[in-house]
Amino acid sequence: MDKTSKKQLALVIDLNVCVGCHACVTSCKQWNTSGWAGPLTDVNPYGENPSGTFFNRVQTFEVGTYPKTDLIHFPKSCLHCEDAPCVPVCPTGASFKREEDGIVLVNYDKCIGCKYCSWSCPYGAREFDEGQKVMKKCTLCVDRIYDEKLPEQERLPACVMACPTSARVFGDINDSDSQVSQRIREHGGFQLMPEWGTKPSNHYLPRRKTVVTIQPEQLVRSDNPLKIEGELSVPGKDDRSLDDYTSW
Amino acid sequence: MRPAFSVIFLTTLIGAGQGMFIALFSGRVFAYMTGVELLDSNWFYGVGSGCALLFMGAGLFASFFHLTHPSRGIYAWQRWRSSWLSREVILLPMVIGLMAISAMSHYFRWDNFFLEFSGMDLTWILSGVTVLLCIFLFIATGMIYASVRFFQEWASPFTVINFLLMGLASGYTLAAVFAHTGFGRGYSLGEFLLYSALFFTILAWASRSWSLARNRRIQPTSSLQSAIGVHHGTIRQLTRGFTASSFNIKEFFHGRAPTTIIWVQRLFIILSFILPFTLLLVGSWLNIIPVIHSAFGVQMLGLFLERWYFFAQAKHPQNLYYQNVA
Amino acid sequence: MEDPTKQSDGDKGRVEVKNTTCYMCACRCGIRVTLRDGDVRYIEGNPNHPLNQGVLCAKGSSGIMKQYSPGRLTQPLKRIKGAMRGDGKFEAISWDEALGIMEQRLGGIRKSDPKKFAMYTGRDQMQALTGMFARQFGTPNYAAHGGFCSVNMAAGMIYTIGGSFWEFGGPDLERAKMFIMIGTAEDHHSNPMKKALGEFKRQGGHFVAINPVRTGYAAIADQWVPIRPGTDGALLLAIIHEIIRLGLYDRSFLTSYTNAADLVNLDEKSDIFGMFVRSELNKDDDPDSCFDNENKYWWDSIANKAVAQRAPGAKPRLMGDYTLEDGTPVKPAFQMLKDRVKEFTPQWAEGVTGIPTKVICDLAHTMGVTARDQKIELPIQWTDVWGKEHDTITGNPVAFHAMRGLAAHSNGFHSIRALSILMTILGTIDRPGGFRHKAPFPRPIPPCAKGPKGPEDVRPGEPLNAMPLGWPTNPDDLFVDDDGEAYRLDKGFSWEYPLSVHGLMHNAISNAWRGDPYPIDTLLLFMSNMAWNSTMNTGKVREMLRDKDDNGEYKIPFIIVCDAFQSETTAFADLVLPDTTYLERHDVMSMLDRPISEFDGPVDSIRVPVLPPTGNSRPFQDVLIEMGARLGLPAFVDENGAAKYQDYPDFISNYETEPGSGIGFLAGWRGSSGEKFMKGAPNTRQWEMYEKNDCFYHYKLPPSYQYMRNWNQGYLQWARHHGLIREAKSINLHIYSEVLQSFRLAAQGKGPSKRRPPERLKERVETFFDPLPFYYEPLETQLINAREYPLSAITQRPMAMYHSWDSQNAWLRQIHTQNYLFVNPQVGRSVGFDDGDWIWVESPWGKVKCQSRFSEAVEPGTVWTWNAIGKASGAWGLDGKANESKRGFLLNHLISEELPNHQSGATVSNSDPITGQAAWFDLRVKIYKAEEGEESCEPNYPTLDHFPGMKKWGNKLRAYFAGQN
Ligand SMILES: Nc1nc2c(c(=O)[nH]1)N[C@H]1C(S)=C(S)[C@@H](COP(=O)(O)OP(=O)(O)OC[C@H]3O[C@@H](n4cnc5c(=O)[nH]c(N)nc54)[C@H](O)[C@@H]3O)O[C@H]1N2
Ligand SMILES: Nc1nc2c(c(=O)[nH]1)N[C@H]1C(S)=C(S)[C@@H](COP(=O)(O)OP(=O)(O)OC[C@H]3O[C@@H](n4cnc5c(=O)[nH]c(N)nc54)[C@H](O)[C@@H]3O)O[C@H]1N2
Ligand code: SF4
Ligand code: SF4
Ligand code: SF4
Ligand code: SF4
Ligand code: SF4
Ligand SMILES: [Mo]
């Protein structure tokens, strides 16, 4: 295997169908809070100004002005950058990128809580856990995808399993035959903030619009039912034409 | 950014400590070259270094408040190749250790012992190495910030230069103040330190002002367009996706009014540079020692504010994703 | 940390996995719950379930936090003597005592005057049981949430096409080419709709959203058509106008399957003016049939005379006006429609809706041309009810979906009739790519069930003579006294709202408080937050609940609330019954109720307990069944008066609608060994068999029975055979509604029925019971100074919250801790405030203070907010200072439950005049900047204390980890 074809697991998120339902937010929370990466602590869970650790958030952006407003629902979790700036800066090696599949993880046992990695993530994808006092982030559900106890078709991230519109697809973006690569190729997949050279592995697919234009001819047809009702006048035999008035 | 007090104290205090140590060393060189005699040079350098050490220790202490698991700092050597923070974590105890040895070597007069033993005053080498490491530490501390390219306000050589110059300014001021207590007083070493303090304060002022001017001109590299990959002139976040709070909001927003920021900026220029400069100058002209002494306190206050401002003013591209709530 | 790839989550702790059905909302997806050491480890979608096919929504994924919420009620509670209602001061009591109190109270009422017991249920899914309990008890004062929810959608469509959106049918997005979604934010079919939309978009379908606001689903629409609230009727009529004008309707569908060609009597002197001309009944027709008999006339274009409907070889006219031999002037119903929409031009509609004429015309053209030119032909043979065989099934692939944006207006019924008619003239009913029914629909128009008709149907000590709710066909089916006045507490089925087929529970409290039409004794509320978000005029209704008469007695003497959580309403109870959660109980999604059927056939499902009940909570079904037995209600006791059923599961297995009918709550695995379906003897192992099949039963109809079911001989006979329907006869679509005309005739002093509306309501009935749809301004807008209140204020469902009940959920509340009023920036600036400012929102009935948020995705005449985020302080187990109560607000404070005094009376509900559907979205407001001051919402209520038995959450942190709690 050459370098570029090294396995890199990632999500591809289709903004064309994401309805902003937040299923990926809470399915992630429930899987991970009791999973390998958990717990995901909530602060003031029933009080004033609660906050909590979530690995995935769904945001909303308005594009354009009324009435030409587009509304984009925008899910965002760690993008598992190929050139992850959050990793080399971590002083303890708590943050690391797995050689075998490119997943960026945090080893909580080594984290000193300096938050430096979060400063080095331009995407705001890391969240500090107030309970365990360590940095956390999306794990690509690394504790699901290799779990041989799970049936094969369920070895997928929790958010991918839950997403009702199938806006989330999981796979190896360096395998050009994978579904994710295919989607990126065919639907113009793009990366966030390419200007930083982080090479995010997660890709996004843009909105696509289906436009229908009706030609005026399509509106009148020979089988128009108005004819049967006698409502579409068909010119009578004796109706005059130019021939009645002139010649060439 | 939300300025963390632990980091403000850490960076300003160790800056002053390192600066002080460098100042003392340069004073020693100055004294050596000019043949200035000190009443009790061992006491002066010993206690002086101890004083620098105190600041280093206070800084280290402050840093513990910043870390949630400081004991895991022992892993910090692991990324010395890539992480400036790792380098700082390695350097800081080294500097502290060397400073302590240096201080002791003066205080307990190991110079004679060294001289007898090796025919060389090894305290020169010891302090020299410490000074070198202090400079590395300045660089490491500065680079922690300067290397985060996402903070465009920080990602410039200015950050390192400013850290260095402000550390030196406060260090020399502290050294000058120290020299103007009973012992160094009246000697031209005191003048040397004081004028150096003036020099570095001016230099730091110039450099910091330069960086402020630079930062005013910054064009953010990222935009909402690149953040969400939609190319349109008008994009606005309607909601960050939750009305509760989160780490990304607490860590990357200072939550203060823009006017506060402006005032802090004006204040820190005055307190860190203009006022201490004036106090040192006036104090020395009129030979009013308490005025000289007050310069250090004022300057430290100013530098705390400067550091607060340094953090508060830094804008992170992640904020593009956390602008609005609904 | 251990290597995450070298461990298995399943190895940690004692793992159990169980299938059941979600009830974080009414969609009812199949779920698989994994437990670790007895705690819920995670909940996932059941991939085998027909509804959600493995996916799960934000709420469904947060079930854990519902289960372990400190808002849970765990003890039966009795109001402390001397404590004021609403203050939430309770003592814990035993179930024995609670049931004893109920038995004594209800027993007494039943013996004297059963209608003094009123029972209303909110977002439950067990109306078959609660309705049956009410009937057995003998009270007509029963309703479920439909009246304040979307009865307009149910009635408007069922009275037109014999089926409806909501839970009874929907758009066939798998095959549609164009999809128009009107006034829908989330709806009941949450996950299936999202799944289908995702697929539809991926297939390149053309998706249009008509909505004043662009959110969720509308966000991914190819075209957003912002519309002024309450004006969809105008838009739809204009589209019909344009489609008829251009001949883009499906003529053959109209003549074959609708009453478009049927001749209407237009002899103004006739007693049956406006009814269809009818012949004697055919010999095999039953005069008492609830089906619309086919004894009408067509105008045959060949013979040029009236001929019997469906006369062989006849070629009916859809247009023109004709005179019968006896001189009666007649017109085909379609001509009536054409006449009707003549004035409703796109240009006219632009002025009403704010949608440019061109957009309206383009919409009409795209619908018409897509329906006509992109026809689908499925090679499926079927036979129609008249015996004609067809080789194919045709579909015109234009699909619609609409919900409360249409329904929750006082002109909603007619807008929805207009929509149903539009769908009909495009030829899309129960056809591929269009609208498709779900069993047990289609039903005859209207369905056969009828309610009580007069005071004589309510008798002490006896069950009610009929189902408490029914489907009136004409004024004889109303439930009124001799003066023509209401006999139900909510005034349903009276001349005020004759077709209020789901009741009007939104008026029950006000009426009970006023003693109008009569005072009641006991009010039971189940799963409904009637002191907060499901009530209009919330502030005053809360006062009514605690108001006392001159003797110091509460005007509503006794209130029982059954809830699983500390809702705002529980504070007003005299007796609180703590229910179990969906993970702790048995439930059925029954064919007798609202099953979860699919287009391809009936589906019903169950819930089984995954966890033991928390504390002393108890399933309400068990309570009802025990209470039924204690009160000796016939259905619940045997010949000796002893309890017939041990508990709810036992009841479900053994109950039959009539002894030996073979029809019960569950359709699957009937017959003594589970060999039968739909109909068959009770099966003691039925629950077990459901469980084995992932908790659902799905009967797939053969393809030839899956379409055209209104006229599909095979399907109708199958449905008749299995007891789904009374007769296997055609269900032709009602473009022209004789049912409505029969009420109008009565108001005009004519018609077959002898019943007449009271004088004050004559004009109202005459106006609104128009057999053809028309547009009118929402009622409240007509009665207030609309200029002073220039904006429409509406709510919509957030996808991550279910009504009021998810603020107790630690995860979901973080998504919506506070709500804002969304305002178009132009409007905000013109009024003088900025994004994020605190503002007052004022209607003629009150004002609330809230925080604004500018949005470009809202039509400038509209302001909106997420529904039911604002909470009363201290409710739901939340801290008194929780953002929900300090910064969140409830729009309901501004909505009046009654219209201003006018000709029809001073207490007429703020509802649709036909169905009594609550007109939530008719609200008009003005907005202005709030004075500088505290940033907090208004009004505010005193903080509720925790009730006995509730866990107090004292910790600052919650780090949920299954197996460690
Ligand atoms: N302004 C405005 N108001 C509206 C609407 C709107 O659009 N705008 N929509 C209206 C509509 S359509 C509806 S349907 C109503 C809904 O209004 P409600 O029917 O009042 O629905 P909820 O607020 O969900 O309250 C239901 C109650 O059920 C309780 N509950 C939850 N689970 C269980 C359980 O398992 N057992 C029991 N016994 N109780 C349980 C909850 O705690 C809650 O107190 O709101 C209406 N109100
Ligand atoms: N997540 C979640 N799902 C739910 C519920 C919930 O509380 N949470 N509640 C359930 C219940 S009980 C119900 S009844 C359904 C309701 O399902 P929906 O009908 O989808 O619910 P609403 O949010 O009331 O949606 C009303 C929509 O109509 C729009 N609207 C308002 N007025 C007009 C108008 O005049 N014309 C048009 N064209 N649009 C208009 C609003 O902007 C909004 O988008 O949802 C069910 N599903
Ligand atoms: S998204 Fe952020 S946290 Fe994730 S790999 Fe990239 S830089 Fe690191
Ligand atoms: S917070 Fe933890 S993971 Fe992040 S850089 Fe510091 S030690 Fe590494
Ligand atoms: S991949 Fe797993 S951890 Fe990452 S967002 Fe999805 S559910 Fe959360
Ligand atoms: S679950 Fe899917 S549709 Fe829902 S917000 Fe997440 S990505 Fe979008
Ligand atoms: S839509 Fe969501 S909450 Fe509703 S039943 Fe399905 S999974 Fe549960
Ligand atoms: Mo509803």
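Before reading on, note that the structure itself is shown above.
**Q** Which residues make up the layout of surface pockets, and what values do they have?
**A** Residue and element names in this part refer to chain C. Estimates place the volume of the second largest pocket at around 900 Å³. Lining the second largest pocket are 36 residues; nearest its centre among them are Arg 251, Ser 252, Phe 253, Thr 255 and Ser 256. With six residues, the top contributor of residues to the lining of the second largest pocket is helix H9 (residues 251–257). In terms of residue class, the lining of the second largest pocket is made up of 15 nonpolar, ten polar and eleven charged.

**Q** Break down the sheet that holds strand S27 (residues 603–607) of chain C for me, citing the residues and quoting the values.
**A** Residues and elements named next belong to chain C. A sheet is described by the order of its strands in space; here three strands give the open sequence S26-S27-S28, paired in antiparallel fashion. Each end of this open sheet is capped by a strand with a single partner; those strands are strand S26 (587–589) and strand S28 (696–698). Across the sheet, the axes of successive neighbouring strands diverge by a mean angle of 10 degrees, strand direction being ignored. Sheet topology note: the S26/S27 ladder contains three bridges and is antiparallel. Bridging across to S27, Val 588 finds its partner in Ile 606.

**Q** How would you explain the interface of chain B and chain C if you had to name every residue and give the values?
**A** Across the contact, nine residues belong to chain B and twelve residues belong to chain C. Contact between chain B and chain C buries roughly 820 Å² in total, counting both sides, with carbon and sulfur atoms accounting for 49%. A per-residue breakdown of the area chain B buries against chain C is headed by B:Arg236, B:Thr243 and B:Ala326, which together make up 51% of the total. Taken together, the links from chain B to chain C amount to one salt bridge.

**Q** I'd like a rundown of empty space enclosed by the protein, residues and numbers included.
**A** Residue and element names in this part refer to chain C. Going through the model one piece at a time under the given rule, you end up with 19 cavities of 30 Å³ or more. In this structure, the largest cavity spans a volume of roughly 510 Å³. Of all the elements in the fold, those that place two or more residues in the lining of the largest cavity are helix H4 (146–149), strand S24 (558–563) and strand S29 (791–796). Considering each element in turn, the lining of the largest cavity owes the most residues, three residues, to S29. Tallied by class, residues from the lining of the largest cavity come to 18 nonpolar, 13 polar and seven charged. When its volume is computed, the second largest cavity comes out at roughly 400 Å³. Forming the boundary of the second largest cavity are 30 residues, of which Gly 183, Thr 184, Ala 185, Arg 404 and Arg 797 lie nearest the centre. Broken down by element, the lining of the second largest cavity gets its largest block of residues, three residues, from S29. Split by residue class, the lining of the second largest cavity holds twelve nonpolar, eleven polar and seven charged.

**Q** So what's going on with the pattern of salt bridges? Which residues, and what values?
**A** Residues and elements named next belong to chain C. Under the definition given, this model contains 82 salt bridges over all chains. Across the pair Arg 813 and Glu 884 runs a salt bridge, and its minimum N-O distance is 2.8 Å. Here the residue Arg 813 occupies a position in helix H24 (residues 812–815), and Glu 884 occupies one in helix H26 (residues 883–886), the gap between them amounting to 71 residues. Given the relative accessible area of 0%, Glu 884 is considered buried. Members of the salt-bridge network, linked through shared partners, are Asp 96, Glu 103, Arg 618, Glu 626 and Arg 630.

**Q** Summarise unusual backbone geometry; cite the residues concerned and give the values.
**A** Residues and elements named next belong to chain C. For the peptide bond that leads from Ala 439 to Pro 440, omega is 10 degrees, which places it in the cis range. With respect to the helices and strands, the residue Pro 440 is situated in the loop between strand S22 (435–437) and helix H15 (508–514). That bond from Glu 938 to Pro 939 is cis: its omega, -5 degrees, falls within 30 degrees of zero. When you line up the elements, Pro 939 lands in the loop between strand S34 (924–929) and strand S35 (957–958). Its identity is not glycine, yet Met 708 carries a phi of approximately 50 degrees, on the positive side. Relative to the assigned elements, Met 708 resides in the loop between S28 and helix H20 (713–721). Here Met 708 falls in the buried class, since its relative accessible area comes to 2%.

**Q** Any details on the state of the cysteines? Residues and values, ideally.
**A** Residue and element names in this part refer to chain C. According to the stated counting rule, one finds one disulfide over all chains in the structure shown. Covalently, Cys 290 is tied to Cys 448 through a disulfide, its sulfur atoms 2.0 Å apart. Between Cys 290 and Cys 448, the disulfide has an S-S torsion of 65 degrees and is therefore right-handed. Remark: Cys 448 occurs in the loop between S22 and H15 and Cys 290 occurs in the loop between strand S12 (263–265) and strand S13 (297–300); sequence separation between them is 158 residues. Each member of the pair Cys 290 and Cys 448 is classed as buried. The thiol of Cys 562 is not disulfide-bonded; the next cysteine sulfur, from Cys 22, is found 19 Å away. With relative accessibility at 1%, the residue Cys 562 sits in the buried group. Free of any disulfide, Cys 850 has its nearest neighbouring cysteine sulfur in Cys 937, separated by 9.0 Å. We classify Cys 850 as buried; its relative accessible area is 0%.

**Q** Describe in detail the site of ligand 2, supporting the description with residues and values.
**A** Residue and element names in this part refer to chain C. Close to ligand 2 lie 32 residues, the nearest being Asp 232, Arg 404, Gln 796, Arg 797 and Met 801. With respect to ligand 2, the backbone of Asp 187 contributes an N or O atom lying 2.9 Å from a nitrogen atom. Within the backbone of Arg 797, a nitrogen or oxygen atom sits 2.6 Å from an oxygen atom of ligand 2. Most atoms of ligand 2, that is more than half of them, are within 2 Å of grid points of the second largest cavity. Among the secondary structure elements, those contributing two or more residues to the shell around ligand 2 are helix H13 (404–407) and S29. A breakdown of the residues in the shell around ligand 2 according to their chemical character gives 15 nonpolar, ten polar and seven charged.

**Q** Give me the lowdown on the site of ligand 3, citing residues and values where you can.
**A** Taken together, A:Cys78, A:Leu79, A:His80, A:Cys81, A:Ala84, A:Pro85, A:Cys86, A:Val104, A:Cys121, A:Tyr123, A:Arg126 and A:Lys137 make up all the residues around ligand 3. Considering only residue class, the shell around ligand 3 consists of nine nonpolar, one polar and two charged.

**Q** Lay out the sheet that holds strand S2 (residues 30–36) of chain C in plain terms, naming residues and giving numbers.
**A** All names here are of chain C. The antiparallel open sheet is built from three strands, whose spatial order is S1-S2-S3. Sheet topology places strand S1 (15–21) and strand S3 (39–45) at the edges, where each strand pairs with a single neighbour. Sheet twist, expressed as the mean angle between neighbouring strand axes with direction ignored, is 25 degrees. Bridge count between S2 and S3: six bridges; the pairing is antiparallel. Residue pairing across strands places Leu 35 opposite Val 40, the latter belonging to S3.

**Q** How would you explain the interface of chain C and chain A if you had to name every residue and give the values?
**A** Taken together, the contacts link 96 residues of chain C with 84 residues of chain A. For the chain C and chain A pair, buried surface summed over both sides reaches about 7200 Å², with 55% attributable to carbon and sulfur atoms. Taken together, chain C and chain A are joined by six salt bridges. Between C:Asp373 and A:Arg221 there is a salt bridge, and its shortest N-O distance comes to 2.5 Å. Inspection of the region where chain C meets chain A yields 49 residue pairs in polar contact (both at pLDDT 80 or more). Of the residues forming the side of chain C that touches chain A, the biggest block, six residues, is contributed by helix H6 (residues 190–202) of chain C. Class assignment of the residues belonging to the side of chain C that touches chain A gives a composition of 43 nonpolar, 26 polar and 27 charged. Looking at chain direction, strand S2 (residues 42–43) of chain A and S35(C) are connected through two bridges and run antiparallel. By the bridge assignment for S35(C), A:Asp42 is matched with C:Arg958.

**Q** Pulling in residues and values, what's your account of the environment of C:Leu422?
**A** Residues and elements named next belong to chain C. By the secondary structure assignment, Leu 422 is in helix H14 (residues 412–425). On the basis of relative accessibility, which here comes to 0%, the residue Leu 422 falls in the buried class. Considering only alpha carbons, one finds Leu 422 and Ile 243, 179 residues apart in sequence, at a separation of 8.8 Å. Non-local contacts of Leu 422, meaning those with residues more than four positions away in its chain, are made with Leu 236, Ile 239, Ile 240, Ile 243, Met 367 and Phe 400.

**Q** For the packing of helix H21 (residues 738–747) of chain C against helix H22 (residues 759–768) of chain C, give the residues involved together with the corresponding values.
**A** Residues and elements named next belong to chain C. Running from amino to carboxyl end, H21 crosses H22 at an angle of 150 degrees, the nearest separation of the two axes being 8 Å. Between H21 and H22, the crossing angle belongs to the class labelled roughly antiparallel. H22 is crossed by H21, and the crossing has left-handed handedness. Contacts between H21 and H22 involve Phe 743, Arg 744 and Ala 747 on the former and, on the latter, Lys 762, Val 765, Glu 766 and Thr 767. When grouped by side-chain class, the residues that make up the contact of H21 with H22 number three nonpolar, one polar and three charged.

**Q** Give me the lowdown on the nonpolar core, citing residues and values where you can.
**A** Grouped together as the largest cluster of nonpolar side chains are 456 residues, with contacts concentrated most on C:Phe400, C:Ile425, C:Phe651 and C:Ile927. When residues of this core are assigned to their parent elements, the largest contribution, 13 residues, is made by helix H1 (residues 5–34) of chain B. Residues contacting C:Phe400, with those up to four places away along its chain left out, are C:Phe165, C:Pro171, C:Phe179, C:Ile180, C:Ile182, C:Met367, C:Leu419, C:Leu422, C:Met423 and C:Leu426.

Conventions and cut-offs
- Residues numbered from 1 in each chain as written.
- Chains lettered and ligands numbered in written order.
- Predicted model: local features only at pLDDT ≥ 70, side-chain atom pairs only at ≥ 80, totals over all residues.
- Heavy atoms only, no water.
- 1 Å grid on protein atoms, 1.4 Å probe; cavity = no way out; pocket = protein on both sides within 12 Å on 5 of 7 lines; lining within 4 Å.
- Points joined across faces, edges and corners; volume = space filled by probe spheres on them.
- Helix = DSSP H or I, 4+ residues; strand = E, 2+ residues; numbered from the N terminus.
- Nonpolar A, V, L, I, M, F, W, Y, C, P; charged D, E, K, R; others polar.
- Pairing = 2+ DSSP bridges.
- Axes fitted to C-alpha atoms, helices over the stretch in contact; angles between N-to-C directions.
- Contact = heavy atoms within 4.5 Å.
- Buried area = accessible area lost by both parts, 1.4 Å probe.
- Salt bridge = Lys/Arg side-chain N within 4 Å of Asp/Glu carboxyl O.
- Buried < 20%, exposed > 50% of the residue type's maximum accessible area, 1.4 Å probe, protein only.
- Disulfide = S-S within 2.5 Å.
- Near = heavy atom within 4 Å.
- Polar contact = N/O pair within 3.5 Å; in protein donor to acceptor, adjacent residues only side chain to side chain.
- Sits in = over half its atoms within 2 Å of the grid points.
- Parallel < 35°, antiparallel > 145°, perpendicular 65-115°, else oblique.
- Left-handed = near helix turned anticlockwise from the far one by under 90°.
- Core = buried A, V, L, I, M, F, W, Y, C linked by side-chain atoms within 4.5 Å.

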